[in-house]
Amino acid sequence: MNSQADRYDDRFTATRWSMVMQFANESGGARDALGELARRYWYPVYVYLRRCGHAPAAATDFARRFLRQLVSATAAERSQPAKGHYRSYLLAQLREFLASKRDALVMASANDDPQMPADLEERYQRDHVDAASPEEGYQRAFALQVLHRTLRRLRSEARQTGHLPMYERLEPFLARDAAPGEYATVAADLRTRPLVLVMAIKRLRQRFRELAAEELADTVATVADLTAEQDALLGVLGKSGA
């Protein structure tokens, strides 16, 4: 997620977060933009709730109720977004929701349906088992959701251009260098030359950085905020060893 801020100067008036800020007093525009961001970033909300000690089914239910309330609130009811970014706003709103609904949440938790999608909890266990606090879990989950969405877009582009088999073999090298002989082995499997793979992974890494910056750009309103978000989330991932 290296800085690509200079590529986005012209788009910041139309990012989801800038629209939330621009239309804060006009519920329709803000609600649509906020709704799209909520659909993208439900996972950090779920992780925060799990790290607060809620059982999987309860965390799923509370996350759903929180996001529904966040998006459906009128402009007068919704807290005025401060300058900055969606990541901090979402966490502040979640804390406020939990504080105001604490008794109701405890009662709901005791009677909640224990059934939930297995893969959701598996993802949480895989990503956050060692998270030391709800906030640390939230920050890590937000960063990983950016990476998750970026990889999904990169895979989709590879599929559309007919390069999915090569992408699937090269995806592990987006985050690490190849060990001696690895490119030769993959090249033999794909019936191509190692040099072709070296050039392909270089292009994939560049495209990954571009797409990650696009994902983050939709959660901020200025170039400076994009750069700060990139640095912050890289710091979170570096600290967690992701």
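(A) Here's a closer look at the environment of Ala57. Here Ala57 lies in helix α4 (residues 56-72). Taking the C-alpha atoms as reference, Ala57 lies 9.3 Å from Glu121; in sequence the two are 64 residues apart.

(B) Representation of the pattern of salt bridges in the model. If you walk through the whole model with that rule in mind, you get 19 salt bridges. A salt bridge links Asp127 to Arg123; the shortest N-O distance between them is 3.8 Å. With Asp127 and Arg123 both in helix α7 (residues 118-128), this residue pair falls four residues apart, about one helical turn. Arg123 gets classed as buried once you look at its relative accessible area, which sits at 13%.

(C) Highlighting the packing of helix α8 (residues 134-160) against helix α11 (residues 194-217). Look at α8 against α11: their axes get within 9 Å of each other, and the N-to-C directions meet at 125°. As judged from the angle between their axes, α8 and α11 are oblique. The handedness of the crossing between α8 and α11 comes out as right-handed. From α8, Val146, Leu147, Arg149, Thr150, Leu151, Arg153, Leu154 and Glu157 reach across to α11, where they touch Leu204, Arg207, Phe208, Leu211, Ala212, Glu214, Glu215 and Leu216. Here the contact of α8 with α11 is composed, by residue class, of nine nonpolar, one polar and six charged.

(D) Structural view of the side chain of Arg87. Tracing the sequence through the fold places Arg87 in helix α5 (residues 86-100). Reaching out from Arg87, the side chain makes a polar contact with the side chain of Gln139 at a distance of 2.7 Å. Not counting residues up to four positions away in its chain, the partners in contact with Arg87 are Tyr138, Gln139, Phe142, Glu229, Ala232 and Leu233.

(E) Fine view of the environment of Asp177. Among the secondary structure elements, Asp177 is positioned in the loop between α9 (164-170) and α10 (182-190). For Asp177, a relative accessible area of 61% corresponds to the exposed category. Linking Asp177 and Ile201, residues 24 residues apart in sequence, is a C-alpha distance of 9.9 Å. Setting aside anything within four residues of it in sequence, one finds Asp177 in contact with Glu182 and Arg205.

(F) Just the packing of aromatic side chains, in detail. Under the criterion given, the structure shown has nine aromatic pairs. Ring geometry for Tyr46 against Tyr124: centres 6.2 Å apart, planes inclined by 90°, an arrangement best described as edge-to-face. One end of the pair, Tyr46, is in helix α3 (residues 42-51); the other, Tyr124, is in helix α7, with 78 residues separating them in the sequence. Between Tyr48 and Tyr138 the ring centres are 6.5 Å apart and the planes differ by 90°, which places this aromatic pair in the edge-to-face class.

(G) Just the packing of α10 against α11, in detail. At a minimum axis separation of 8 Å, α10 and α11 run at an interaxial angle of 105°. On the basis of the axis angle, α10 is roughly perpendicular to α11. Across the interface between the two elements, Tyr183, Ala184, Val186, Ala187 and Leu190 of α10 pack against Pro194, Leu197, Val198 and Ile201 of α11. Within the contact of α10 with α11, the residues separate by chemical class into nine nonpolar, no polar and no charged.

(H) Structural view of unusual backbone geometry. A positive phi angle, close to 60°, is found at Arg191, a residue other than glycine. The class of Arg191 is exposed, set by a relative accessible area of 81%.

(I) Just a nonpolar patch on the surface, in detail. A cluster of nonpolar side chains, Leu195, Val198 and Met199, forms an exposed patch at the surface whose accessible area comes to about 250 Å². In this structure, Val198 sits in helix α11. Looking at Val198, the relative accessible area reads 34%, which means it is partly exposed.

What counts as what
Each residue is numbered by its place in its chain's sequence as written, counting from 1. For this predicted model, a pLDDT threshold of at least 70 governs which residues receive local features, and a threshold of 80 or more governs which side-chain atom pairs are given and counted, while totals over whole chains, interfaces and linings are taken from all residues. Water and hydrogen atoms were dropped before computing side-chain values, which therefore reflect all heavy atoms in the structure. Helix numbers and strand numbers start at the N terminus; a helix is a DSSP run of H or I with at least 4 residues, a strand a run of E with at least 2. The salt bridge criterion pairs a side-chain nitrogen of Lys or Arg with a carboxyl oxygen of Asp or Glu, the two atoms within 4 Å. The cut-offs for exposure are 20% and 50% of the maximum accessible area for each residue type, with area from a 1.4 Å probe on protein chains only; residues under the lower value are buried, those over the upper are exposed, and the others partly exposed. Angles run from 0 to 180 degrees between N-to-C directions of axes, and those axes are lines fitted to C-alpha atoms, restricted for helices to the stretch in contact. Roughly parallel means an angle under 35 degrees; roughly antiparallel means over 145; roughly perpendicular covers 65 to 115; every other angle is labelled oblique. Crossings are sorted by hand: turned counterclockwise from the far helix by less than a right angle, the near helix makes the crossing left-handed, and turned clockwise it makes it right-handed. The criterion used for residue contact is that any of the two residues' heavy atoms lie within 4.5 Å. Residues were grouped as follows: Ala, Val, Leu, Ile, Met, Phe, Trp, Tyr, Cys and Pro as nonpolar; Asp, Glu, Lys and Arg as charged; and all remaining residues, including Gly, as polar. N or O atoms closer than or at 3.5 Å make up a polar contact, with two conditions inside protein: a donor-capable atom paired with an acceptor-capable one, and, for residues adjacent in sequence, both atoms drawn from side chains. Pairing of aromatic rings covers Phe, Tyr and Trp, the last through its six-membered ring, and needs centres within 6.5 Å; plane angles under 30 degrees mean stacked, over 60 mean edge-to-face, and all others mean tilted. Patches were defined on residues exceeding 30% relative accessible area and lacking a salt bridge, with like-charge contacts within 9 Å and nonpolar side-chain contacts (Val, Leu, Ile, Met, Phe, Trp, Tyr) within 5 Å. The Shrake-Rupley method, run with a 1.4 Å probe, gives the accessible areas here. Residue values count only the displayed protein chains as cover.

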